[in-house]
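Tertiary structure, described
Given next are the chains, with one letter for each unit.
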Amino acid sequence: QYKRIELPKQSKDELYQMGETFNEMIRQLKLNYEKQEQFVSNASHELKTPLTVIESYANLLKRRGKTAPELFDESVEAIHSEAIRMKELTQQLLLLAKHDEQWKITMEIISLKGLAEESIRSFRTAFHREIDLVIEQPVVVKADVQKLKQLIYILMENAHKYSDAPITVKVLVENNRGVLEIIDRGIGIPASEISKVFDRFYRVDKARTRKSGGFGLGLSLAREIAEAMNAELSLESVEGQGTSAQIWLKLADSH
Ligand code: ADP
């Protein structure tokens, strides 16, 4: 493992400075290592839960499936839904892991109105939800279309999961940036939790989100996607009232 370099503190010469730089590098390496360890441990834990369910139902079928056919439907249903959950998790993990190789960014000039309309059409059908679109002004931005769609999907899925009322999507210009805003009037996020929801595997209420299917990876993935295309992501929320997520994009005519 890495060793701290100890140099006499009183010598403020170049060697001492270099020693301090190395120590800082070691600290960063250790930090990254600990983060990775935590990540692997969280991921394994999340995979273990559905695997345990699958294993026990498979066992049940093995022992009693032939003599008690009424167990069949329930078991197959549970195995199927847990397998889907595992597939979703591995897909998200792969996306996070393949960050470098797969994330080729192709910036294009696009109209946010057109993109928002297209996304909303597909969400309305998929989620059976009322989604309103408010175009405050025409906005043309620089973005990677596929990545932006992915980002919108994650934020829309959250708005859908954590609210029942209609969702609003707004397109506007603010602070010389093109903004796409997704607003829900759902359960909201407590103020003390808002800075944590971007952490990998962080969920405000684990019991509740386990039921609604979240792993706590969506927003961390969203932030990485945003960073990859030089966009920013912000979140405002009031517990019990709702959440608004904003994607800030470079305007096409800005430099
Ligand atoms: P998940 O897949 O669990 O939704 P995310 O990383 O997307 O993971 O979000 C992390 C947590 O932040 C969620 O588990 C949820 O508690 C909270 N959260 C995210 N978006 C919203 C929202 N629109 N309304 C309320 N809570 C939210």
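Residues numbered from 1 in each chain as written. Predicted model: local features only at pLDDT ≥ 70, side-chain atom pairs only at ≥ 80, totals over all residues. Heavy atoms only, no water.

Named according to an unreviewed UniProt entry, the chain is histidine kinase originating from Lederbergia citrea. Note on the chain: under the UniProt heading Subcellular location (unreviewed entry), the record states "Cell membrane". In its Catalytic activity (unreviewed entry) section, the UniProt entry covering the chain states "ATP + protein L-histidine = ADP + protein N-phospho-L-histidine." (UniProt positions renumbered as here; feature names shortened; annotations may be inferred.)

**A few points about the site of the ligand**
As a matter of local geometry, the ligand sits amid 20 residues, with N158, K161, Y162, D184 and L219 nearest to it. Between the ligand and D184, the relevant distance is 2.9 Å, taken from a nitrogen atom to a side-chain nitrogen or oxygen of the residue. For the ligand, whose unbound accessible area comes to 520 Å², protein coverage reaches 97%. Secondary-structure elements contributing two or more residues to the shell around the ligand are α5 (145-161), α6 (206-212) and α7 (218-228). Classifying every residue of the shell around the ligand gives nine nonpolar, seven polar and four charged. (Near = heavy atom within 4 Å. Polar contact = N/O pair within 3.5 Å; in protein donor to acceptor, adjacent residues only side chain to side chain. Areas by Shrake-Rupley, 256 points an atom, 1.4 Å probe, with all protein chains shown as cover. Helix = DSSP H or I, 4+ residues; strand = E, 2+ residues; numbered from the N terminus. Nonpolar A, V, L, I, M, F, W, Y, C, P; charged D, E, K, R; others polar.)

**Some details on the pattern of salt bridges**
This structure, assessed with the given rule, holds six salt bridges. Notably, a salt bridge pairs R177 with E232, separated by 3.2 Å at the nearest N-O pair. With R177 in strand β5 (residues 177-184) and E232 in strand β6 (residues 232-238), this residue pair connects regions lying 55 residues apart in the sequence. Here E232 falls in the partly exposed class, since its relative accessible area comes to 44%. (Salt bridge = Lys/Arg side-chain N within 4 Å of Asp/Glu carboxyl O. Buried < 20%, exposed > 50% of the residue type's maximum accessible area, 1.4 Å probe, protein only.)

**A few points about the side chain of T168**
Within the secondary structure layout, T168 lies in strand β4 (residues 167-174). In contact with T168, other than residues within four places in its own chain, are D132, V134, E181, I182, I183 and R185. (Contact = heavy atoms within 4.5 Å.)

**So, the environment of V140**
With respect to the secondary-structure elements, V140 resides in strand β3 (residues 140-143). Residues V140 and S111, spaced 29 residues apart in sequence, show a C-alpha to C-alpha distance of 4.5 Å. If sequence neighbours within four positions are ignored, V140 has contacts with I109, I110, S111, L251 and A252.

**Examining the environment of N230**
Relative to the helices and strands, N230 is located in the loop between α7 and β6. Its relative accessible area of 61% is what places N230 among the exposed residues. Sequence separation between N230 and K250 is 20 residues, and the spatial gap between their C-alpha atoms is 7.8 Å.

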